[in-house]
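Each chain is listed here by its residues.
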Amino acid sequence: MLLNSPSVTLSLASRLPFLLPFFSLKLQQAVAQRAVREKLLQQSRESPPLRTPLLCSRERTTWVEGTMQRGRIVPRVAALLLGLMGLLVRGSDLQHHRYEDMVRALFAVQSECPYVTRIYSIGRSVEGRHLYVLEFSDNPGIHEALEPEFKYVGNMHGNEVLGRELLIKLCQFMCEEYRAGNQRITRLIHDTRIHILPSMNPDGYEVAAKQGPEFNGYLVGRGNAKEIDLNRNFPDLNALMYYYEKTNGRNHHLPLPDNWEQQVEPETLAVIKWMQNYNFVLSANLHGGAVVANYPFDKSRDSRIRGRNTHAATADDKIFRKLARTYSYAHSWMHKGWNCGDFFDEGITNGASWYSLSKGMQDFNYLYTNCFEITLELSCDKFPSASALPREWLGNREALVSYLEQVHHGIKGMVYDENNNPIGKAEVSVAGVNHDVTTGVDGDYFRLLLPGTYAVTASAPGYAASTSTVTVGPAEAIQLHFYLKKAPKQNLKPVKPHNSKRNLSSPKSTFKLGPR
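Quick caveat: nothing in here was measured; it's all calculated off a predicted structure. One numbering rule holds for all chains: residues counted from 1, following each sequence as written. Local features are withheld for residues below a pLDDT of 70 in this predicted model, meaning they are given only at 70 or higher, and side-chain atom pairs are given and counted only at 80 or more; totals for whole chains, interfaces and linings count all residues. Side-chain calculation: all heavy atoms of the structure are included, whereas hydrogens and water are not.

A. Structural context of the packing of helix α6 (residues 162–180) against helix α14 (residues 389–405). Running from N to C, α6 and α14 point in directions that differ by 65°, and their axes come no closer than 10 Å. Compared by their axis directions, α6 and α14 come out roughly perpendicular. α14 is crossed by α6, and the crossing has right-handed handedness. Contacts from L162, E165, L166, K169, L170 and F173 of α6 reach α14 at L389, E392, W393, N396, R397, L400 and V401. Following the grouping adopted for this structure description, the nonpolar residues are Ala, Val, Leu, Ile, Met, Phe, Trp, Tyr, Cys and Pro, the charged ones are Asp, Glu, Lys and Arg, and the polar ones are all others, Gly among them. Looking at side-chain class alone, the contact of α6 with α14 contains 8 nonpolar, 1 polar and 4 charged residues. Only the contacting stretch of a helix is used when fitting its axis, a line to C-alpha atoms as for every element, and angles between N-to-C directions run 0 to 180 degrees. By definition, any uninterrupted DSSP run of H or I lasting at least four residues is a helix, any uninterrupted run of E lasting at least two residues is a strand, and each is numbered from the N terminus. By definition in this entry, angles of less than 35 degrees are roughly parallel, angles greater than 145 are roughly antiparallel, angles of 65 to 115 are roughly perpendicular, and the rest are oblique. Handedness of a crossing is defined here by the sense of rotation of the near helix relative to the far one, left-handed for an anticlockwise turn of less than a right angle and right-handed for a clockwise turn. Only heavy atoms matter for contacts: two residues are in contact if any of them lie within 4.5 Å across the pair.

Below you can see the structure in the form of structure tokens.
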């Protein structure tokens, strides 16, 4: 059981910045028992046997406690306790997981926390491996109205493996902490529907893992089994968005091009279908090769000006900066700026100002769904050694939880008709912010906003729009509900047609193949 494994030590240790002070007596005893047994076994091989009787496990425990109290093995135990800190951090689960190992680890978590977890597959890779997601919720498999949906995606590039291992560990950590009664984790699981996809590219990972950390190249295993870069494989909606900006066109949920399903890889198709089936509010995509929190847009609106890339801001640029800072400053060293030979002020960057990237996943999230996504570059080394994983986990643990908590900021509410029936696909707009969100099938909506006062309007075809003023604070999301009345027929506004057939994708051009 996870609760009785060495990894639970990490779970308890996570509550305080210093590891030693919180050791529980039970854990000390368990670790001491194992260490003494190993020491006695080694001693029996190197020197005459100790004059102690053969004992069963319970009796041996009593003997160990008694000899510790009498000081007969104090030097050995003292040496053990000095090394206990390293044992706590190492943990049996902090290791690289091949595909089968990852699947076993996820199902082990589900077995330990069956009432708050669910495992499901969103599809298969080119080589037929399942893309497994572990869900955390107090009602797994069910969307509860006004409970936001969150997702983490790791290992999009197969050779960028730290995100994969961090997400596996996060799953174990959340289960352990929930069982231990950690109020912060319990509240997150009860109030949020959390979806964790540790590996979007399991085929690429297997290619990279065959070489291992010592010999892995910058590109080996980056793409899927067909060597396609999945972060340059989503439909290009930026070009359409930039066109609509000039023509006062639609600012959200842009239409997909014709035959888009035939133009993307199976892994990309699975993730897009996943986005269509769940009304995600916030997300992060975990990469490697740099240490920085990268926010949209990734694709530049303009060409380079005097050799410099230009900032491509979304309508929610301030919110994205805040989200990126949340992760950066909760991370142990990302916010310091200097990492991997690069400098990023506060440890964050706009994607396009770093380098322009077309057909990326984070821009697609923002333009096609209600979801705000950032890209987290988490390590200089794309495939760090197993010995580096404990430090990386400790450096990212608080950031992973703090970022997840951001899904509960801004406003949320229901949009009803006059008879209190929820209205799906109603649009919710904020004055001064040229990006709308829509309600889910249950009529609920979620809008991330910074603290301030806003005029918010809800509208739907066949109904008169309704506007309310709301003041948002820095804490939990403010609930704001709307009740729409049927509009007279003469007042109905025609819906703007979308020219989805027009090909507005940019011509093929060279691009920098950076970490993203």
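There's plenty left to go through after this.
B. Examining the side chain of H435 more closely. The topology assignment puts H435 in strand β13 (residues 433–438). Apart from the residues within four sequence positions on either side, H435 is in contact with N251, H252, A315, D316, Y366, F372 and R447.

C. Looking closely at helix α9 (residues 238–247). Only protein chains enter the calculation, and the probe is 1.4 Å; a residue is then buried if its accessible area is under 20% of its type maximum, exposed if over 50%, and partly exposed in between. Along α9, the positions that sit buried rather than exposed are N238, A239, L240, M241, Y242 and Y244. Tucked inside the fold, the buried residues of α9 contact α13 (361–368).

D. Spotlight on the sheet that holds strand β5 (residues 280–287). Following DSSP output, two strands are said to pair if at least two bridges run between them. The mixed open sheet is built from 8 strands, whose spatial order is β1-β2-β4-β3-β5-β10-β6-β9. Two strands in the sheet have a free side with no partner beyond their single neighbour: β1 (117–124) and β9 (348–350). Direction aside, neighbouring strands of the sheet carry axes that sit 25° apart on average. Sheet topology places strand β2 (residues 130–136) next to strand β4 (residues 193–197); 3 bridges connect them, and they run antiparallel. Bridge pairing in β4 links F136 to I194.

E. Quick peek at the UniProt feature "active site" (unreviewed entry) in the protein chain. UniProt positions are given in the numbering used here, feature names are shortened, and annotations may be inferred rather than shown by experiment. Here the UniProt feature "active site" (unreviewed entry) sits at E377. As for its placement among the helices and strands, E377 is situated in strand β10 (residues 372–379). The contacts of E377, once residues within four sequence positions are left out, are H287, G288, G289, A290, V291, V292, M334, W354, P515 and R516. A polar side-chain atom of E377 sits 3.3 Å from the main-chain amide nitrogen of G288. Whenever a nitrogen or oxygen atom comes within 3.5 Å of another N or O atom, the pair is scored as a polar contact, on the condition that within protein one atom can donate a hydrogen and the other can accept it, and that pairs from neighbouring residues in sequence are kept only if both atoms are in side chains.

F. The environment of L389, seen in detail. Mapped onto the elements of the fold, L389 is located in helix α14. Separated by 227 residues in the primary sequence, L389 and L162 place their C-alpha atoms 7.7 Å from one another. If we skip the residues at most four places from it in the chain, L389 touches L94, Q95, H96, L162, E165 and P384.

G. Expanded view of the environment of G413. One can find G413 in strand β11 (residues 411–416). Leaving out residues up to four positions away in the same chain, G413 has contacts with L146, G443, D444, Y445, L480 and H481.

H. Spatial organisation of the pairing of β13. For β13, the buried fraction is high: 5 of the 6 residues fall into the buried class. Where strand β12 (residues 427–430) and β13 come together, 3 bridges link them in antiparallel fashion. Bridged to V430 within β13 is V433. From the end of β12 to the start of β13, which pair antiparallel, there are 2 residues, and G432 there has a positive phi angle of about 90°.

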